[in-house]
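Spelled out, the chains give:
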Amino acid sequence: MGNPFYPSYGILPKVFLGREDIIREFLYGLENAPGDPNRSTAITGARGTGKTAVLKEIGKEMLRLGWIPVYVLMKNELLDDIYEETIHSCKEHIKQESKRKVTGISLFQVSINWENIEQEERWEAKMHNLLSQLTEKSIGVVFEIDEVQGNSEDLRRFAAFFQQYREAFKIALLMAGIPHQLDSVFSDKVISFLRRSRLKQLGLLSASESKILIRKTFSLSHKHITEEAVDFIAEKSGGFPYLIQLLGYEVWESAADDIDIEQTRAGVNKAETYIGSSLIELILQDLSLTDKDFIYGLAALRTPAKVSDLMEYTRFDRNKLNQYRRRLDREGVIYSPERGYVDFVIPYMKEYLSERL
Ligand SMILES: Nc1ncnc2c1ncn2[C@@H]1O[C@H](COP(=O)(O)OP(=O)(O)O)[C@@H](O)[C@H]1O
Ligand SMILES: [Mg+2]
């Protein structure tokens, strides 16, 4: 029996916990009439809060209701990926046209290139054909588009198609992305209907959810852990899903079969050495230079920091400070514990940044 924790992105954990409201509402939308607003939902939150995990968990749950998830990561060839993935995920339910794979064969100097012919068939017509077959059999399709980013011609075309056929076909849309990327999609005038999607923000898990998650995950293995140790991991993770997996993983690795608080401390120390490269740096990559000036300033102060002290340190004027404060709050990086104060949301971020000042 191996380690039951998975400290990596995009994988459904062995034990998935919390987020019940989001999951219930989306599934409710699938059972309800086609016009239900939940049938277009966007999930947002900082990296590591569990957006992809929610997509995958919902993907599992919807099968019972006769819906099939079509999961794609948003890349350059979004339309092709959606088409290919729909065929792949629904292959038992659709008639496959015979694939004409003959390319570049010369017959008496006449070059036949079937692939070009196929590509010329419009994407919309091909999707229409697939979805008609599925809707006829009363099978629904949920397009799950992960790591959504703005300004893509393919996304515009997909959105227009979705909007046009959302009543005629049994289809729904579930997107995930970090906040400013989702914002840029929503502010695109061409696909303004997306703005009416249900927006769900993922935050931290509660202390009791974190403890149950840790306890349940350990119980999938043969190693036994004390309550005190569970509490310690929960507290150190701050309820941040990725950190629960990372700390749990290292504690499990470094401990014998009966895990006490001493072994747990050692495991957590080990995990701490990876938090910078596996989480904080990834979050920093998504931020602008001025965002970074703001958070390095915050890291230099005692937190929660007074907004006026932060203004003095960063030399931002009030407008600029407020603007970046709102941005970073929305991004899930900082929050306001009380009026006039700001602090970091993500555990270990302050320590990591202040070491680098
Ligand atoms: N609700 C949850 N319960 C248990 N583990 C979770 C949960 N949400 C996320 N995780 C774990 O946290 C890590 C990050 O999740 P992921 O979905 O990849 O984040 P995101 O897509 O937001 O960057 C993964 O290891 C995942 O298994
Ligand atoms: Mg993800």
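Residues numbered from 1 in each chain as written. Chains lettered and ligands numbered in written order. Predicted model: local features only at pLDDT ≥ 70, side-chain atom pairs only at ≥ 80, totals over all residues. Heavy atoms only, no water.

**Comments concerning the domain arrangement of the protein**
Moving on, step 1. According to the domain assignment, the protein consists of domain 1 (20-99 + 108-201), domain 2 (207-284) and domain 3 (287-355).
Moving on, step 2. The straight-line distance from the C-alpha centre of domain 2 to that of domain 3 is 27 Å.
Moving on, step 3. Domain 2 puts 14 residues into the contact, and the matching count from domain 3 is 11 residues.
Moving on, step 4. Across the domain 2/domain 3 interface, buried area totals approximately 1,000 Å², and carbon plus sulfur atoms make up 75% of it.
Moving on, step 5. On the domain 2 side of the interface with domain 3, the three residues burying the most area are Ile-280, Ile-283 and Leu-284, jointly 56% of the side's total.
Moving on, step 6. Inspection of the domain 2/domain 3 interface yields zero salt bridges.
Moving on, step 7. Run the count over domain 2 and domain 3 and you get three residue pairs in polar contact (both at pLDDT 80 or more).
Moving on, step 8. Every element with two or more residues in the side of domain 2 that touches domain 3 is listed here: α9 (227-237) and α11 (261-285).
Moving on, step 9. No other element matches the nine residues that α11 contributes to the side of domain 2 that touches domain 3.
Moving on, step 10. Its residues assigned to classes, the side of domain 2 that touches domain 3 shows eight nonpolar, three polar and three charged. (Domains from an automatic or database assignment. Contact = heavy atoms within 4.5 Å. Buried area = accessible area lost by both parts, 1.4 Å probe. Salt bridge = Lys/Arg side-chain N within 4 Å of Asp/Glu carboxyl O. Polar contact = N/O pair within 3.5 Å; in protein donor to acceptor, adjacent residues only side chain to side chain. Helix = DSSP H or I, 4+ residues; strand = E, 2+ residues; numbered from the N terminus. Nonpolar A, V, L, I, M, F, W, Y, C, P; charged D, E, K, R; others polar.)

**A word on empty space enclosed by the protein**
Empty space left among the atoms is revealed by rolling a probe the size of a water molecule over them.
Moving on, step 1. Taken as a whole and judged by the stated rule, the model has two cavities of 30 Å³ or more.
Moving on, step 2. Roughly 60 Å³ of volume is contained in the largest cavity.
Moving on, step 3. The wall of the largest cavity is formed by Gly-45, Ala-46, Arg-47, Ile-178, Pro-179, Ile-283, Asp-286, Leu-287, Glu-331 and Val-333.
Moving on, step 4. When the residues that make up the lining of the largest cavity are grouped by side-chain class, the tally is six nonpolar, one polar and three charged. (1 Å grid on protein atoms, 1.4 Å probe; cavity = no way out; pocket = protein on both sides within 12 Å on 5 of 7 lines; lining within 4 Å. Points joined across faces, edges and corners; volume = space filled by probe spheres on them.)

**Points about the sheet that holds strand β6 (residues 171-177)**
Moving on, step 1. Across the sheet, five strands lie side by side as β2-β5-β6-β1-β7; this open sheet has parallel pairing. What marks the edges here is a single partner per strand, and that holds for β2 (67-73) and β7 (198-201). Strand-to-strand, the axes of this sheet are offset by a mean angle of 20 degrees, without reference to chain direction.
Moving on, step 2. Note: β2 against strand β5 (residues 140-146), seven bridges, orientation parallel. (Pairing = 2+ DSSP bridges. Axes fitted to C-alpha atoms, helices over the stretch in contact; angles between N-to-C directions.)

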